There are 2 protein chains.
Amino acid sequence: MTPDPAWRLSLNQATTRPLRLEQVVRCCAEAGLQGIGLWRESVDEAGTQRAARLVRRAGLTVTSLCRGGFLTDATSAGRAAAIEDNRRAIEQAALVGAPVLVLVCGGVPAGSRDLAGARQMVSDGIAELVADAKAHGVRLAIEPLHPMFCADRSVVSTLAQALAMADRFPSALVGVMLDAYHVWWDPDLDDSLAQAGQRLAGFQLSDWVLPLPADTLLGRGHIGDGCIDFRGLDSAMRTAGYDGWTEVEIFNEAVWKAPGRQTLQTVVERYRLHVASPGAP
Amino acid sequence: MTPDPAWRLSLNQATTRPLRLEQVVRCCAEAGLQGIGLWRESVDEAGTQRAARLVRRAGLTVTSLCRGGFLTDATSAGRAAAIEDNRRAIEQAALVGAPVLVLVCGGVPAGSRDLAGARQMVSDGIAELVADAKAHGVRLAIEPLHPMFCADRSVVSTLAQALAMADRFPSALVGVMLDAYHVWWDPDLDDSLAQAGQRLAGFQLSDWVLPLPADTLLGRGHIGDGCIDFRGLDSAMRTAGYDGWTEVEIFNEAVWKAPGRQTLQTVVERYRLHVASPGAP
């Protein structure tokens, strides 16, 4: 089944992580998908210029590059290294045509109990990057991560918090990435979305399935396998004014073992069943 | 080392789960602890009247009973059974002299994606219980659980949400239990605490340690082993007006394997090091 172009459905490469970029691009083309969210590791492996060509020749739109961030570190040298790494990521995003660089902001530095200090490091780090973002025409997207990742991956845990952090920067340079898996539980989500307006820089989907695996990074399920109300969330995003791409991004060992073609077929089917509104164009 | 009575430090029984109530009571007395948070399973095992005697004869104050709740269910019969179970829990709390019954409110019913509906079930369930709570002189304490438990254990995830849910009931009958492990990541925690006032019905401590174990229920660490700023949180609780007991409640297989006496010694030492303010009476 070919996805409806009106869906603006994009495959985030993490969903097919074992595949090399040329394989992913081919799978997308075969499945009729028109967007792709890239990962730096895969772009590095392919070579940045070659990756850009592969994607362009397949007629795919790059919807985001994952990921920058990890701006928290106990040492100033560590933080400076993170800024340099983010500068390279911004440059790579521009080279592959990604409008958005996703930021996984970083956790509480090892040995620290200073959560507020870590959050300040994130804000300060982004402030150091906005000039680069502007120069390269790339928007930084702060991604709130599920609070179970607060200690080690992101001290930004809610949409409201991401919006507050973005607020000191121009909307064209700093937005937010909304990933359903990370925010579905948030009792303030609807209120925050109503405030988000033009800050919404991206939308990612995977389902909350139980039990969580030993590696909690890899617990995400295909849409429809869990308890997230995607149709409601999608509708709230559209009401909030978001008219961009929707990426399906699934970290899951079982999904990674499935053939790419089968995975993309499931992605499209599930999107149609659980996200796209019935009767939508 | 004997704990300072001014600390009002209490052992939540979950910390020494393998021990029978008489053993726990003996450990508390030996360690000089004056409070205990009980669990229904253990009270049932000992017999409610006998449990009450054991605790009273040891001179211990019962600080809470864990737990009621699980008010969400796909069927009305299931919800009615939950109400009945909570009525028995309220009665038991009164019989053992627990001023507070902790509510783990319940997750999203199996097969459902209706998070708002599940939250309504919790609110409706509590409404059915307040008369019983009043009759027995037991306060219900809504406990926000970490969002990683939203699907299966509690659709109440933040202090602000618990306070909003409690708001329709008299403060003497419905309060909130603040467990550091569940709420430490919340960017709104300080603001919510400043609003909490007399709703604060209890305070529980364990540390956030990584990696999370395969069973994410059992990932809690001794105070000081993780990244939670207990001194700051304790100070915020006191500023908010909370002057009640502090329970240490640790779910951890390794802690359960340690001898009870050693565990209590660690509990007291860590509390002194990481929670009690230096120079406090």
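First, a word on scope: everything that follows refers to the structure included in this document. Since the structure is predicted, the reported quantities are computational estimates derived from the model, not experimental observations.

## Focus: the layout of surface pockets
Moving on, step 1. Of the pockets and cavities examined, the largest pocket occupies roughly 590 Å³.
Moving on, step 2. Surrounding the largest pocket, 25 residues form its lining, L115 and R119 of chain A together with W184, D186 and D190 of chain B being those nearest its centre.
Moving on, step 3. Sorting the residues of the lining of the largest pocket by element identifies α5 (115–136) and α6 (159–166) of chain A together with α8 (189–196) and α9 (230–239) of chain B as the ones contributing at least two each.
Moving on, step 4. The element contributing the most residues to the lining of the largest pocket is α6 of chain A, with 4 residues.
Moving on, step 5. By residue class, the composition of the lining of the largest pocket is 12 nonpolar, 4 polar and 9 charged.

## Thoughts on unusual backbone geometry
Moving on, step 1. Omega for the bond connecting C66 of chain B with R67 of chain B falls within 30 degrees of zero, at -10 degrees, which places this linkage in the cis form.
Moving on, step 2. Its place among the elements puts R67 of chain B in strand β3 (residues 61–69).
Moving on, step 3. Its identity is not glycine, yet F70 of chain A carries a phi of approximately 45 degrees, on the positive side.
Moving on, step 4. With respect to the secondary-structure elements, F70 of chain A resides in the loop between β3 (61–69) and α4 (76–96).
Moving on, step 5. By relative accessible area, F70 of chain A is classed as partly exposed at 30%.

## Regarding the packing of helix α1 (residues 21–31) of chain A against helix α11 (residues 260–274) of chain A
Residue and element names in this part refer to chain A.
Moving on, step 1. Between α1 and α11, the shortest axis-to-axis distance is 10 Å and the interhelical angle comes to 45 degrees. On the basis of their axis angle, the class for α1 and α11 is oblique. As α1 packs across α11, the resulting crossing turns out to be right-handed. Between α1 and α11, the contacting residues are C27, C28, E30 and A31 on the first element and G260, R261 and L264 on the second.
Moving on, step 2. Looking at the contact of α1 with α11 residue by residue, the class counts come to 4 nonpolar, 1 polar and 2 charged.

Reading the values: the criteria
- Residues numbered from 1 in each chain as written.
- Chains lettered and ligands numbered in written order.
- Predicted model: local features only at pLDDT ≥ 70, side-chain atom pairs only at ≥ 80, totals over all residues.
- Heavy atoms only, no water.
- 1 Å grid on protein atoms, 1.4 Å probe; cavity = no way out; pocket = protein on both sides within 12 Å on 5 of 7 lines; lining within 4 Å.
- Points joined across faces, edges and corners; volume = space filled by probe spheres on them.
- Helix = DSSP H or I, 4+ residues; strand = E, 2+ residues; numbered from the N terminus.
- Nonpolar A, V, L, I, M, F, W, Y, C, P; charged D, E, K, R; others polar.
- Buried < 20%, exposed > 50% of the residue type's maximum accessible area, 1.4 Å probe, protein only.
- Axes fitted to C-alpha atoms, helices over the stretch in contact; angles between N-to-C directions.
- Parallel < 35°, antiparallel > 145°, perpendicular 65-115°, else oblique.
- Left-handed = near helix turned anticlockwise from the far one by under 90°.
- Contact = heavy atoms within 4.5 Å.

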